[in-house]
Structure formats: C-alpha cells, structure tokens
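Given next are the chains, with one letter for each unit.
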Amino acid sequence: MIVLKTSRELSIMRKAGKISQTALRLAGEAVEPGVSTWEIDKIVHDYIIKMGATPSFLHYNGFPASACISVNDVVIHGIPHKRQLLRQGDIVSIDVGACYEGFHGDNAWTFPCGQIDPEARALLDATEQALYRGIEQARPGNRLGDIGHAVQAYAEARKYSVVRDFVGHGVGAKLHEDPSVPNYGTPGRGVRLQAGMTIAIEPMVNQGRHEIEVLKDGWTIMTKDHSLAAHFEHTVAITPDGPVVLTRLD
Ligand code: MG
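Since the model is a prediction, treat every value here as computed from it, not as a measurement.

How each quantity is defined
- Positions within a chain are numbered from 1, following the residues in the order the chain's sequence is written.
- Only residues with pLDDT of 70 or above have their local features reported here, since the model is predicted, and side-chain atom pairs are shown and tallied only from 80 upward, although totals for entire chains, interfaces and linings are computed over all residues.
- Each side-chain value is worked out from all heavy atoms of the structure, with water and hydrogens disregarded.
- Numbering of helices and strands runs from the N terminus, with a helix taken as a DSSP run of H or I at least four residues long and a strand as a DSSP run of E at least two residues long.
- The span you would expect from a helix comes to 1.5 Å times its residue count less one.
- Under the scheme applied here, a residue whose accessible area is under 20% of the maximum for its type counts as buried, over 50% as exposed, and between as partly exposed, the area being computed with a 1.4 Å probe on protein chains only.
- Here a cavity is any set of points on a 1 Å grid over the protein atoms alone where a 1.4 Å probe fits but cannot get out, and a pocket is any open set with protein on both sides within 12 Å along at least 5 of 7 lines; a residue lines the site when it has an atom within 4 Å of a point.
- Grid points are joined across faces, edges and corners, and a volume is the space filled by probe spheres set on the points.
- Polar here means any residue outside two lists: the nonpolar Ala, Val, Leu, Ile, Met, Phe, Trp, Tyr, Cys and Pro, and the charged Asp, Glu, Lys and Arg; Gly therefore counts as polar.
- Pairing between strands is defined by DSSP: at least two bridges between the two strands are required.
- Residue contacts follow a heavy-atom distance rule, with two residues in contact if any of their heavy atoms lie within 4.5 Å.
- Under this scheme, a helix contributes an axis fitted over its contacting stretch, all axes are lines through C-alpha atoms, and angles between N-to-C directions fall in the 0 to 180 degree range.
- We call Phe, Tyr and Trp rings a pair once their centres come within 6.5 Å, taking the six-membered ring for Trp, and we label the pair stacked below 30 degrees between planes, edge-to-face above 60, and tilted otherwise.
- Over a ring means this: the NZ of a Lys or the CZ of an Arg is within 6 Å of the ring centre and within 35 degrees of the ring normal.

Asker: Lay out helix α3 (residues 118-136) in plain terms, naming residues and giving numbers.
Answerer: For α3, with 19 residues, the first-to-last C-alpha span of 27 Å sits near the 27 Å given by 1.5 Å per residue. Of all the positions in α3, only Ala 120, Leu 123, Leu 124, Ala 126, Thr 127, Glu 128, Ala 130, Leu 131, Gly 134 and Ile 135 are classed as buried.

Asker: Describe in detail the layout of surface pockets, supporting the description with residues and values.
Answerer: Empty space within the largest pocket amounts to approximately 300 Å³. In terms of lining residues, the largest pocket is bounded by 20 residues, among which Ile 76, His 77, Asp 95, His 176 and Glu 202 are the most central.

Asker: Explain empty space enclosed by the protein to me, using residue names and the numbers behind them.
Answerer: Tallied over the entire structure, the rule returns one cavity of 30 Å³ or more. If you trace the largest cavity, you find it lined by Ile 2, Val 3, Lys 5, Gly 170, Val 171, Glu 177, Asp 178, Pro 179, Met 197, Thr 198 and Ile 199. Sorting the residues of the lining of the largest cavity by element identifies β8 (177-181) and β9 (198-201) as the ones contributing at least two each. Looking at the lining of the largest cavity element by element, the count peaks at three residues for β8. Looking at the lining of the largest cavity, its residues break down into six nonpolar, two polar and three charged.

Asker: Describe the sheet that holds strand β6 (residues 161-162), listing the residues and the values that go with them.
Answerer: Reading across from one edge, β6-β10-β13 is the order of the three strands in this open sheet, with antiparallel pairing throughout. Each end of this open sheet is capped by a strand with a single partner; those strands are β6 and β13 (229-231). Pairing of strand β10 (residues 204-206) with β13 involves three bridges; the strand directions are antiparallel. By the bridge assignment for β13, Asn 206 is matched with Ala 229. On top of the sheet, α3 reaches β10 and β13; it is set at about 35° to β13, its chief contact.

Asker: Lay out the packing of aromatic side chains with the relevant residues and their values.
Answerer: Scanning all chains against the criterion turns up two aromatic pairs. Geometrically, the ring pair formed by Phe 63 and Trp 219 is edge-to-face, given 5.0 Å between the ring centres and 85° between the ring planes. A residue pair is termed long-range when its members are at least 10 positions apart, and Phe 63 in the loop between β1 (54-55) and β2 (67-71) and Trp 219 in the loop between β11 (212-214) and β12 (221-223) qualify at 156 residues. Comparing Phe 63 with Trp 219, the two get one shared label, buried. Directly above the aromatic system of Tyr 184 lies the positively charged group of Arg 164, at a separation of 5.1 Å from the ring centroid.

Structure (structure tokens):
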C-alpha cells in the first residue's frame, strides 16, 4: 500500500532529510586514506544522535551499524569495521538514514578516497547524473517506469549496467514502503505517480555486468564480476510542482 504524506508530514520528512544529508556529508569529509570504515560509521551515528534523531539502519533487520559503507566492488550494505582501512584510489559508497519525529530520510553517495582513476571518476559522475535523470521524472502523472527508464538509459548509454536485484523504495514512517522503485523500466509503465508520494531513488551502477552476489555475512552485496560499483540516492517528494529533494541542505 502506498502511503501519501500530508504537508505536515512532508515538513517533518524535510527535517529528517536534512539530518541524513548532513550526516552523509560529514561521513564524506572523513573519507581519506588510513581511516577505518568504523570511524566513519561513528561520525554518522554520533551526529544523528546529537540531532535528536535515530540512525535508521542500526539494528534494522539486525544490521549492526548506522551507515552502510561499501568499498570498490561492494555495491551496497557493506558493514563498517575497525580493521577495514580506506586506501588511496578507493571509491567509498556511504548510505545513511535518519529517523526524526517518526519519519525517515535516506540518502547515499559514492566518495573518492584521494586520487582515483579516471574510469572510476567517470562511473561516479555517470551514476550521480543518472540519479538526477530519475529525479526529474518524479512528477505527478508520470509512472514508475519513467524514473527507471531514465536512470537505465543514462547508465547503459555509457556502457555501464544497473543492478536489478536491489531497487529504490517508498520511504516515510517506515524506512522501506511501497512502491519498489527499480532503476530500470519502460516509459509509461508501472504505478502512476501522485502528489504526496515520497520515494528513495537510488541507482546502483556497475562498471561491468549487473549481476551481484551476497557474501557469507548475509549483508555485503558485491558485483559478481568484481567490477566497481557506485551508489547515489536521494529521498524525493512528488509534489504538484514537481520533484522536491528532501535530503538536501538548503
Ligand atoms: Mg534506500
């Protein structure tokens, strides 16, 4: 069931979105060679708590941390660890959610660790742009397939692939709500978008093939061919005036 949000609920989600975005930026500023993913997770956790919010991911289905930190060929759901030190040239996907006054914000970004290869830079830029292409389509009267198609077409035109086994989602009082928001699709197909819907659009784009595998820890999702993967996400409200990114600062 898709839950439409009132304007009062949207203004709370805006606050949750700002907290999530600030936590993500603080995490990104901490990305440098020699820093552990555990330290970055702690920055995220402490900021969210300080703001009177709760980390959405901590203990979610048993997830042990506040941020998912996914390095290089890890697509999503990487578990932060004290022994995992970032290295020059890594690409570091950080996914952060915060729950404030009962509503969630959810966002992700892939950060470069020091100097990265031009090919890695191109993957990050393309995934970020694919996210914006998807967001542009998040307006009343369009359909979910318009969002997915925009993301997919942008990524595939650059010879990348989009992950199929994990998708974006509705977000609100629950971290994951209906509908599912795939990063692939056919224009004009799927659920019709309405004002009041709030969705997390989150392209996961692989340099190689789209297939993924799950590590034995039950969480970590890697590219099956070990190619690099990038992940960019915003929480977006569909309004009569078009898409409004809730996980932004200004
Ligand atoms: Mg999400």
